[in-house]
Amino acid sequence: MISEYLPFALPDIGEEEINEVLDSLRSGWLTTGPKTKRFEEDFAAFTGTGTEAIAVNSATAGLHLALEAVGIGPGDEVITTPYTFTATAEVVRYFGADPVFVDIKPETFNIDPEQIEASITPRTKVIMPVHFAGLACDMDAILAIANKHGLKVVEDAAHALPTLYNGRLIGTLNSDATVYSFYATKTITTGEGGMIVTRDPEIAKRCRIMRLHGISRDAFDRYTSTKPAWHYEVVAPGCKYNMADLAASLGIHQLKKAWSFQKKREAMATHYDEFFSDLPIILPPKSLPGDTHAWHLYVIRLTEDAPVTRDRFIELMSEKGVGCSVHFIPLHLHPYWRDRYNLKSDDFPNALKAYESAVSLPLFTKMDEDDQQRVIDSVLEILG
Ligand SMILES: *Cc1c(COP(=O)(O)O)cnc(C)c1O
């Protein structure tokens, strides 16, 4: 059992991760170096099929670099969902470009492809789908729209490691780039970190340059190449987005566990479902046959028959010692996005409705059976 209070999420760090960090500390190489290189190689082997993997210090950084690499500029439009974390849309603003929000499908919380097509203008450059909770978006439809209109696709896969779509791993579809997050609460973690995956060598090259000050070779090459160690060339005003070896040390071992973590999460989600089917709850959507859900989040929706409001439910769960969360407060309800684009709360009725009834229950691999039973008992006491 975790402790008196069961938090909403906890990382699952083993002795292998700890020893790898100690090894880096003892080696004297803390920043981008051999461990980051190995993590990238392992990651590219994991996604396979000719992919390159570029490690960065967050998914936000990765999304920023991916948009830069596909050529986003001022006045361009990027179509995305309001049902996401602000990072997805904020990186668009870094370029003076504009996110164009389109509503989600009420069943999946994922962007509605039909509404994407209706929102395309001559300024549209990119579609940015978000695989909410780890459930794949309708990528065939999204990629077909992108193809038809000559648009780029950058996938926000912060929740989607590992997610399968039509039997293929998210990250290996025909999009331009896919970005994963290794934030502390995500399915695998490096504390802070992210990975860009692409099959386009030009995008990969540009991201590698831009993640470290626009320097044309990264620090690892700089210190191991046969050219004079002091020599480097700046070819663009880049960013400081490189991953440190301390973080990559965690990532190397977390990645090896990605599928076993997924299996545990899936089993826990199924276990929740069994207890909740008779309650005033809409259970989380399941993946389609041939797909695999990463189960980053287990999001229930309270129905109108529930004896308590969503907010009260979370309070009562907390009083019973169980931490819950809400994913997400849709972007159009936040002051910045609302005021910048003059958005009304009912502009995205499906996102609004999902938000008003959604609760994310604890679902993480360090929970044992007793921990999960505590969550189940608390839910049954409040809603049963
Ligand atoms: C966590 C998250 C991000 C940002 O990830 P960081 O690694 O913290 O930058 C982006 N998009 C979504 C949907 C997320 O949940």
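Residues numbered from 1 in each chain as written. Predicted model: local features only at pLDDT ≥ 70, side-chain atom pairs only at ≥ 80, totals over all residues. Heavy atoms only, no water.

Draft legend 1. Representation of the site of the ligand within the structure. The local shell around the ligand holds 16 residues, among which Thr60, Asp156, His159, Ser181 and Lys186 are the closest. Note that an oxygen atom of the ligand is positioned 2.5 Å from one of the side-chain N or O atoms of Thr60. Lys186 is positioned with one of its side-chain polar atoms (N or O) 3.1 Å from an oxygen atom of the ligand. Expressed as a share of its isolated accessible area of 380 Å², the protein-covered part of the ligand is 92%. Listed by contribution, the elements that provide at least two residues to the shell around the ligand are helix 3 (59-69) and helix 4 (86-93). (Near = heavy atom within 4 Å. Polar contact = N/O pair within 3.5 Å; in protein donor to acceptor, adjacent residues only side chain to side chain. Areas by Shrake-Rupley, 256 points an atom, 1.4 Å probe, with all protein chains shown as cover. Helix = DSSP H or I, 4+ residues; strand = E, 2+ residues; numbered from the N terminus.)

Draft legend 2. Molecular detail of unusual backbone geometry. Of note, the amide linkage connecting Leu161 to Pro162 takes the cis form, showing an omega dihedral of -5 degrees. Residue placement: Pro162 occurs in the loop between strand 5 (152-156) and strand 6 (164-165). Its identity as a non-glycine residue notwithstanding, Phe109 has a phi of 70 degrees, on the positive side. Secondary-structure assignment places Phe109 in the loop between strand 3 (98-101) and helix 5 (113-118). In this structure, Asn342 takes a positive phi of about 55 degrees despite not being glycine. Mapped onto the fold, Asn342 is located in the loop between helix 12 (335-340) and helix 13 (349-357).

Draft legend 3. Region of interest: helix 4. Taken together, the buried positions of helix 4 are Ala87, Thr88, Ala89, Val91 and Val92. Here the buried face of helix 4 lies against helix 3, strand 2 (77-80), strand 3, strand 4 (124-128), strand 5 and helix 12. (Buried < 20%, exposed > 50% of the residue type's maximum accessible area, 1.4 Å probe, protein only. Contact = heavy atoms within 4.5 Å.)

Draft legend 4. Summary view of the sheet that holds strand 12 (residues 358-361). Taken in spatial order, the three strands line up as 10-11-12 in an open sheet, and their pairing is antiparallel. Each having just a single partner strand, strand 10 (281-282) and strand 12 make up the two edges of the open sheet. Of the strand pairs in this sheet, strand 10 and strand 11 (residues 298-302) are connected by two bridges, and their pairing is antiparallel. Within strand 11, the position partnered with Ile282 by the bridge is Arg301. With respect to the sheet, helix 11 (residues 310-319) is in contact with strand 11 and strand 12, its orientation differing from that of strand 12 by roughly 20 degrees. (Pairing = 2+ DSSP bridges. Axes fitted to C-alpha atoms, helices over the stretch in contact; angles between N-to-C directions.)

Draft legend 5. Structural detail: a nonpolar patch on the surface. Taken together, the side chains of Ile18, Leu22, Leu25 and Leu30 define a hydrophobic patch exposed on the protein surface, amounting to about 300 Å² of accessible area. As for its placement among the helices and strands, Leu30 is situated in the loop between helix 1 (15-27) and helix 2 (34-47). A residue is classified by how much of its surface remains accessible, and Leu30, at 38% relative accessible area, is partly exposed. (Patch = residues over 30% accessible without salt bridge, like charges linked within 9 Å, V, L, I, M, F, W, Y side chains within 5 Å. Salt bridge = Lys/Arg side-chain N within 4 Å of Asp/Glu carboxyl O.)

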